[in-house]
Amino acid sequence: MFETVMCKYYSFSEEKSNFEVWLFAIVRNVLTDYFQGQKKRSYTSLDSLLELIFPKPSPEELDIREDNNQTLFKELSKHEGA
């Protein structure tokens, strides 16, 4: 913002307005430009990207995995004593 004020200093004229009004106008314009530029940008969280790459399993998939794990553990326990 300081750089903008320095670059526009040539446009200041005491006949048009006092320094504070001129400075406030520059600051207001810089902030307006900044926030309008922010609206055009879209942000994506890393969590949402991970969700696209590694989607969470559905409840059905979790049940199937649990059933498969239980079956595996039962078969392994049968062979432990052997």
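Placed above this text is the structure.
Being a predicted model, the structure only gives us computed values, none of them experimental. (Residues numbered from 1 in each chain as written. Predicted model: local features only at pLDDT ≥ 70, side-chain atom pairs only at ≥ 80, totals over all residues. Heavy atoms only, no water.)

**Quick word on the overall build of the protein**
Here is the rule we go by: The numbering of helices and of strands both runs from the N terminus, where a helix is a DSSP run of H or I of at least 4 residues and a strand a run of E of at least 2. Radius of gyration: C-alpha atoms only; globule rule: 2.2 Å multiplied by the number of residues to the exponent 0.38. Under the scheme applied here, a residue whose accessible area is under 20% of the maximum for its type counts as buried, over 50% as exposed, and between as partly exposed, the area being computed with a 1.4 Å probe on protein chains only. In this tally Asp and Glu are treated as negative and Lys and Arg as positive; neither His nor the chain ends contributes. In plain terms, the charge of a residue is placed at NZ if it is Lys, CZ if Arg, CG if Asp and CD if Glu.
The helix and strand inventory of the protein stands at four helices and zero strands. In terms of C-alpha radius of gyration, the protein reaches 32 Å, well past the compact-globule figure of 12 Å for 82 residues. Principal-axis analysis of the C-alpha atoms gives the protein an extent of 100 × 25 × 15 Å. A total of 82 residues make up the protein; the buried ones form 7% of that total. Counting 10 positive and 14 negative side-chain charges, the protein places the averaged centre of each group 8 Å from the other.

**As for a nonpolar patch on the surface**
Put simply, the rule reads: Each patch is assembled from residues with relative accessible area greater than 30% and no salt bridge, linking like charges that lie within 9 Å and nonpolar side chains (Val, Leu, Ile, Met, Phe, Trp, Tyr) that lie within 5 Å. For every accessible area listed, the method is Shrake-Rupley and the probe measures 1.4 Å; residues are considered covered only by the protein chains on display. Each reported salt bridge corresponds to a side-chain nitrogen of Lys or Arg within 4 Å of a carboxyl oxygen of Asp or Glu.
On the surface, a cluster of nonpolar side chains totalling about 690 Å² of accessible area is made up of Leu46, Leu49, Leu50, Leu52, Ile53 and Phe54. Looking at where Leu52 falls in the secondary structure, it is placed in helix α3 (residues 46–53).

**A short note on the pattern of salt bridges**
With the rule as written, the count across this model stands at one salt bridge. Close ionic contact of Glu75 with Lys78 constitutes a salt bridge, the shortest N to O distance being 3.2 Å. With Glu75 and Lys78 both in helix α4 (residues 59–80), this residue pair falls three residues apart, about one helical turn. Assessed through its relative accessible area of 57%, Lys78 is described here as exposed.

**A word on the packing of aromatic side chains**
Defined as follows: Stacked, edge-to-face and tilted are the three classes for Phe, Tyr and Trp ring pairs, Trp counted by its six-membered ring, which pair at centre distances within 6.5 Å; planes under 30 degrees apart are stacked, over 60 edge-to-face, the rest tilted.
A full pass over the atoms with the stated rule returns two aromatic pairs. A ring pair is formed by Phe19 and Trp22, whose centres lie 5.5 Å apart and whose planes are at 35 degrees; its orientation type is tilted. Residue Phe19 and its partner Trp22 are both found in helix α2 (residues 19–40); the two are separated by three residues, about one turn of the helix. On the basis of an interplanar angle of 75 degrees and a centroid distance of 5.1 Å, the ring pair of Tyr34 and Phe35 is categorised as edge-to-face. Residue classification places Tyr34 among the partly exposed positions, given a relative accessible area of 47%.

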